[in-house]
Amino acid sequence: VSLLKAARNCVTGLGGKSSNSHLVSAAKSVQESLLDILNALPQTQRIDAAIDRLQTQGVVSMTVGSLQDARSAFSSHADGLNQAVANLLEAAATGDVSLAAAAQKLADNVMNMLSAAKGMDEMSRGDAALLANAQGISLAASRLLEASRKLVGGGINQPDLMASLSAAAKDVTDSMNQLLGTVLGSDAGSKDCEEMRQSIEANAACLTLTGKSMNTANYVACQEQLNDKAMAVNKTLTALTEHLKSGDVNSIKAEVAVFGANINSATRSAARAALLMYEGSPFSAPLFAIRMATLELQDTHCEGRQLLAQATEVNSQSSLVRKACVASAEKCRTNAVKRFYLEAAKDITSLTTAVVQSVTKLSQDNRPDSRAASKMQLDFLMAAIEQLVSYSLRPLETVPPQGSLSIPILEPATSMVTASSEYLCAARDICKGDTDVDSWQLLAKCGRDVSNALKTLLEDVILHAPGQQECLATAEQLRNEVLRLDQAMVGAISKTLEPDPEVALETYHEQTMASLILAHSSVDTLVAGVEDSAVNFPDVMMAVSAPLHDLCSQVIGAVGHMTDSEQQQSVLQWGKTVIEAMLQLILDASKANGMPQDKGCEMALNASANEARTAIQGLSSEMEKASSSSAALTTMVEGVEEAMLLLDQPLEDANGYFQEFAEDISNYGKLMAGGAQQMVAKSANQTQDLPVLLEALYNNYLSLANHSRQAVSSTDDAQVVVALVKSAKALGHCTTRMLLAAGQVHRDPINQDLKRGVNEAARALSKKISDLISTLQAGSHGMQACNEAILQLSSIVSEIETNLFFVSAGTLLPENADDVFGTHRDNMLGQTKTLIDSVKQLVLGAATSSAQLASEAEAIIAVARDLAESTRAGAASLGGSDPINQEALLSACRDVASCLSDLLTASRDASGTAPNSQEMEELRESAKEIMKAMAKFMNSVKACDSESTRGSNALRAALQKIKQHQETLYEPPTDGESATAEELIRKAKAITTATAKLQLVGRTKKREDAIAASPIVIKCVTDLLTTCRAASAAAETPEAKNQCLHAGQECADAFVNMLEHITDLLDFPSLEKTRRVPEFSRNIAMSVTGVVKSAEMLKSGFVNPEDPNVIAEQELHAAAAAIEAASRKLTQLKPRAQAKEADESLNFDEQILEAAKGITVATSALIKWATATQRELVAQGRVSTGGDRYKGDGAWSEGLVSAAKNVAETTNQLCDAANSLVRGQASEEKLIAAAKGVSQSTIQLIMACQVKADPNSASAGKLQDAGKAVERASALLVKAASDAAQREDDAQAQAHVASSASLTAVQRIRAELELRERITEQERSLAAERAKLEGLHRSGYGGP
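Chemist: Help me understand the overall build of the chain in this model?
Modeler: Looking only at helices and strands, one finds 43 helices and 0 strands in the chain. Sequence-distant contacts in the chain: of pairs separated by 6 or more residues, those separated by 24 or more amount to 80%. Of the roughly 66,400 Å² of accessible surface on the chain, 53% is carried by carbon and sulfur atoms.

See the structure below:
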């Protein structure tokens, strides 16, 4: 805290001149505190105890029998010290918690070695050099422990500390070697043997796969190095034995040095091979990642989010392990191994779940027992993965492993180191003078052990080479195929080959050509597999070997059908050449596997691949000749091969620019891709069109190759030249494959396998064309930079869309609760302005140089990433309660990123083009779009800055308007201002709506709800106050007036109190304020009740507007008015002008109009007597006033109202139908339906009135008479309309009969069928309409 305060004072200048000194003092205090914390750690204290032991504790001399025994004991302690140093380095490199234990072990070994040195000093009666060297070991060990002490607390990630540790370890080793030289210096050669033995054992640390002395060779190179070193070691063993017998000291020293160098080199090669083998396992990378996560989890300072992040990493890596288990199970050939992998996947899933649960618990409860439980679960998980790694490194074994991680090559390598150390010990003893028979026998035995260990190591390396087993199996299979071809050659020469009568020559020819296509494809697959990685090489080898066995059988079968012996021998010879070329290719691929940097192996592999392709082409040509096929396809293939050769001979002068040639190449490539797709389509059922497409494909490739030569000549970029030539050649190979495949389909159109070959060849051709276009696009540095920038912008857009997903989930929250939008606003605006400048420079760069374009593209990406991060932080600062502004801000930023991507695409396309080209015009349009997007983004930023207080401001404005309106409550009403008690009740009831809106704001606390509620609150409260003032003016007594005004004032006050509370809740939210919202709502409800009561006191004879009986009477009057309006409409109608007919006594339109008028008169009378009946019921007390409209008499009133509305509605429909019929716009059926509707609604109204009516009353009788009058009028109208419809139908029938008399028999049958069809359609339509009517009736009664 003091440091932060001092830093703040120093930055702001508040502390004056002494602020800098205060800052330095505070920093020193913090540093001292951190050092005290580190010193208090248990590991630090244990290392300090070991250092104190070396520096302060005295050394006790070791008692031994003789000087020879003392030397042996001293050598043993030296070995222990060397191992302790190696253990300390390993613990430091891996960040292991056992660093303190390794430090104490080192101190113990140093003390033992010093004790042995002191004992030897006493036996030799004072040797100053011995004691000086011993003291040097003590000092070097102290420095090593001091260096390891600095690593406690995370120093493993500091390279300078690790370098200091390595230097201190080297000092300990050098001091120990000096002491060994002093102790053993009197014996000729023994010192060299001991030093070399120590060197070999120190170098063995690389076998842990964490050492730094490992070479960088590939697996095959390691194998060759081991082979060379094994032969050199065997020679050295023989020579060293001879020199030991002769006593030649110089030769002994030289041979010991050579022996040690070879052993160390072999050790490093074995470690490198083991590492490559380990990395080839699909489980090794996840295991390493989980180990690193385990180290982080074991750190006591790791807690909370860090623990959850490491748990997430463990879960993701375990998912990779499970996927690898499933993939490995699919490749297994034995059920036992397959079950092992599948069960291992299940075990990994359960163990991972346990780890995640334990770590989650640890993040919530960071106690030692929880940490120990999580470590135990992690150990179980790593042990299971180590078992998987161990078995994946032994593909030839079928029994699942038991135990932890073991790498096959490391076991014989360790045995070699042990045997070499024992051999040097035996040689050292002989140099010291132990020349008895046992010593020489021990030396010979140790030498044999070294040779055997090297032999076993070399065999193990060869056995476990990636793809070696598959390579050997494939090579052996091909050798057997060569023997089969040789036997067939003998049969062809002796003319004893017998044909297979069940298979024809053409079938064999087709099968052979199909196999050749697969073999040609496998050549490219093998070369690509070698260039890719050593991991996929075994699968590649299995894919390559598949078609070769079938090819040999097909060639022999085809030869059996040939009659010409020379032709047979030629085909067999070409078949043998293909097999031998593939065999050589496989052997060269096994050598070049994983060695892309070895040009010799690459050249040999490419040469073998070309020889294999040539042999395949030769066999294909020979088979073509043998089957008397056309030579056109061969000519095309040869033309493609010639064009591929010319690619290595660029033109001296290129007439054009690289961009122009690149565009032409792209166009030809697209034409080839389209032609390939047409071949795929034509191969299905139009194979006769394939020759034309083949010719077009051939010509397009020749043009593409020619333009590629010109493009190569027009650029000075060597890297682009190599990539372009390589891509064009690869496309040529795929073109050859496509030509062969399509030609085979043309000869055998029904062979589905050949058609699938065309599909595969077309896919390969399309991929190579895409690769070629990608190579062209990468021909410019600026274009490449634009491509990379577009990819990064895509990543930025994805991140913004992820944040938008968080916004939709309401989880985009600020990291700091005090974070506000203003903190990020200036950053976003400043970065936007910088981005505008960068866009201008980018447009200039596209028109000038590629280097400037690349520079500006990189600058734009940097600014865009900063802008996206600032936008994310700004949106998060708005909080989850404002998702609209969050989404608007992030969407605007996403639009900017998308427009930037379009701009970079346009810049890439316009690079190198003319200023007035179409591409430059598109670039300028894209620049305009990005400017619009950035302007929109800046507007969004400014809008968000004023959004946070809109809700509370809206409520304050509403509060102010209500208070202003309250001041006018007791003023006299203005002219024309009046209101009834019923209106006052309605306005009082509307207050409940405003109260509900405020309650919603109190619950959600959302700004949008407050803004939406503000106008509703203002309107409801001001309307209530205005209505109170107007209604009080019409009060009959002063008391009623005062009561009305007082009730309105109380209601407004209650609403003001709630509004003030809600406003305060929005500004300063709390749980207590939220709980009080219902209390204010209840106060408003009580005040509304007071307003309603005061309204009832305004005048006597008050009629409740919501009384069901009042509503019923009003609706009856409304129905009567509607019927009268319909009647007036009918009186205005006139009959249609009709032509005179034979019988003029009947005017149909006049009858319809008169009948309709009669119905309207009758229904008007019906409504009149229904109204009288309802009033009579109210007067007699049969129906009570007031009450609930949905219970008792209210329900009866609702039924009466509904029946009256139906009468009015059906009467209006009747008038409309009559109007339409008179105008000739409707049929009689519509009028009949309307009349029936009037009759039914009349019955419904009569029944509704008779429910509670007195049957003896006069109004009830009149109601019955009016109903009967309606029924009679409706019946007359229905009869008139039905008669008219019948006459029309009879006339149509007679006309149809007259027209049918002249029909022929065929025409009559056709007419009958058409009539039956229309009858069926009408019946189906009638049934559907009846179903709709039934459904409508059910829905009216609440049915399903």
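The discussion continues.
Chemist: Got a minute to help me understand the pattern of salt bridges in this structure?
Modeler: One side chain can pair with another of opposite charge once the charged atoms of both are near each other. This structure, assessed with the given rule, holds 20 salt bridges. Linking K682 and D689 is a salt bridge whose minimum nitrogen-to-oxygen distance equals 3.5 Å. Three or more residues are tied together by salt bridges with common partners; here these are D486, K576 and E580.

Chemist: When you look at the confidence of the model for the chain in this model, what are you seeing that I'm missing?
Modeler: Detailed reading of predicted coordinates is not advised where the pLDDT is low. Taken over all residues, the pLDDT of the chain has a mean of 74, while the share at 70 or more is 71%. With pLDDT under 50 throughout, residues 1136-1146 is counted as low confidence; its partners more than four residues away or in other chains account for 10 contacts. Low pLDDT, under 50, characterises residues 1184-1196; the predicted model gives this stretch 27 contacts beyond four residues in sequence or across chains.

Chemist: How should I be thinking about the packing of helix α33 (residues 981-1004) against helix α37 (residues 1077-1096) in this particular structure?
Modeler: Two quantities define a packed helix pair, namely the angle between the axes and the distance from one axis to the other. It is at 9 Å that the axes of α33 and α37 come closest, and there the two elements cross at 175 degrees. In terms of axis orientation, α33 runs roughly antiparallel to α37. For the pair formed by α33 and α37, the contact residues are A981, L984, I985, A988, K989, I991, T995, Q999 and G1002 on the first element and V1077, S1081, I1084, V1088, V1091, V1092 and A1095 on the second.

Chemist: Honestly, the environment of L585 in this entry has me stumped. Any pointers?
Modeler: On the secondary structure map, L585 appears in helix α20 (residues 565-592). Accessibility expressed as a relative area gives 0% for L585, which makes it buried. Counting along the chain gives 24 residues from L585 to A609, while the straight-line C-alpha distance between them is 6.1 Å. In this structure L585 touches V523, L526, L605, S608, A609 and A612, once residues within four positions along its chain are discounted.

Chemist: How should the packing of aromatic side chains be read in this particular structure?
Modeler: The geometry of an aromatic ring pair is captured by the separation of the ring centres together with the interplanar angle, meaning the angle of the planes. Within this structure, the stated rule accounts for 2 aromatic pairs. Residues F259 and Y423 carry aromatic rings whose centres are separated by 5.4 Å and whose planes lie at 45 degrees to one another, so their mutual orientation is tilted. Taken as a pair, F259 in helix α10 (residues 249-279) and Y423 in helix α15 (residues 410-431) lie far apart in primary sequence, 164 residues in all. For the residue pair F259 and Y423, the accessibility class agrees, reading buried in each case. Both rings, one in F805 and one in F806, keep their centres 6.2 Å apart while their planes meet at 55 degrees; by these two values the pair is tilted. Taking relative accessible area as the criterion, F805 reaches 55% and is therefore assigned exposed. A residue is classified by how much of its surface remains accessible, and F806, at 32% relative accessible area, is partly exposed.

Chemist: Which parts of the structure should I look at to understand helix α8 (residues 190-203)?
Modeler: Helical geometry note: an α-helix holds 3.6 residues per turn, so side chains three or four residues apart project in the same direction. Over its 14 residues, α8 runs 20 Å from end to end, which matches the ideal 20 Å to within 8%, given 1.5 Å per residue. Every buried residue of α8 is listed here: S190, C193, E194, M196, R197, Q198, I200 and N203.

Chemist: Even after reading the chapter, I still don't get the packing of α8 against α10, so can you show me in this structure?
Modeler: For the pair α8 and α10, the least separation of the axes is 10 Å and the interaxial angle reads 5 degrees. By the angle class used here, α8 and α10 are roughly parallel. Packed against α8, whose contacting residues are D192, C193, M196, S199, I200 and N203, the element α10 presents K253, V256, A257, F259, G260, A261, I263, N264, T267 and R268 at the interface. Its residues placed into classes, the contact of α8 with α10 shows 8 nonpolar, 5 polar and 3 charged.

Chemist: What is the right way to look at the nonpolar core in this model?
Modeler: General note: in soluble globular proteins, nonpolar side chains tend to be found buried as a group. Core analysis: the biggest nonpolar cluster contains 78 residues, and F259, F283, I385, L388 and V450 have the highest contact counts within it. At 12 residues, the largest contribution of residues to this core is made by α10. Setting aside anything within four residues of it in sequence, one finds F283 in contact with V321, A324, C325, S328, Y341, I385, L388, V389 and S392. Counting 52 residues, the second-largest nonpolar core is a separate cluster that includes V839, A875, L923 and F937.

Chemist: What's the story with the environment of L287 in this structure? I'm lost.
Modeler: Turning to its location among the elements, L287 is positioned in helix α11 (residues 284-298). Using a relative accessible area of 0% as the deciding quantity, one classes L287 as buried. In the structure, L287 is positioned 97 residues away from A384 in sequence and 9.8 Å away in space, judged by C-alpha atoms. L287 has contacts with Y278, M382, I385, E386 and V389, leaving out every residue within four places of it along the chain.

Chemist: What is the right way to read the side chain of T735 from this model?
Modeler: Looking at where T735 falls in the secondary structure, it is placed in helix α25 (residues 718-747). Each residue touching T735, except ones within four places of it in the same chain, is listed here: V640, M672, L697, Y701 and L765.

Chemist: I would appreciate a short explanation of the state of the cysteines in the present structure.
Modeler: Note: disulfide means a covalent bond formed between the sulfur atoms of two cysteine side chains. A complete count under the given rule lists 0 disulfides for this structure. Cysteine C1028 shares no disulfide, and the gap to the nearest cysteine sulfur, in C1044, comes to 4.4 Å.

Chemist: Is there a simple way to think about the environment of A954 in this case?
Modeler: Relative to the helices and strands, A954 is located in helix α32 (residues 950-966). Looking at A954, the relative accessible area reads 14%, which means it is buried. With 61 residues separating them along the chain, A954 and P1015 place their C-alpha atoms 8.7 Å apart. Once residues within four sequence positions are removed from consideration, A954 is found in contact with A1010, I1011 and S1014.

Definitions and limits used
- Residues numbered from 1 in each chain as written.
- Predicted model: local features only at pLDDT ≥ 70, side-chain atom pairs only at ≥ 80, totals over all residues.
- Heavy atoms only, no water.
- Helix = DSSP H or I, 4+ residues; strand = E, 2+ residues; numbered from the N terminus.
- Contact = heavy atoms within 4.5 Å.
- Areas by Shrake-Rupley, 256 points an atom, 1.4 Å probe, with all protein chains shown as cover.
- Salt bridge = Lys/Arg side-chain N within 4 Å of Asp/Glu carboxyl O.
- pLDDT = per-residue confidence, 0-100.
- Axes fitted to C-alpha atoms, helices over the stretch in contact; angles between N-to-C directions.
- Parallel < 35°, antiparallel > 145°, perpendicular 65-115°, else oblique.
- Buried < 20%, exposed > 50% of the residue type's maximum accessible area, 1.4 Å probe, protein only.
- Phe/Tyr/Trp six-rings, centres within 6.5 Å; stacked < 30°, edge-to-face > 60°.
- Expected span 1.5 Å × (residues − 1).
- Nonpolar A, V, L, I, M, F, W, Y, C, P; charged D, E, K, R; others polar.
- Core = buried A, V, L, I, M, F, W, Y, C linked by side-chain atoms within 4.5 Å.
- Disulfide = S-S within 2.5 Å.

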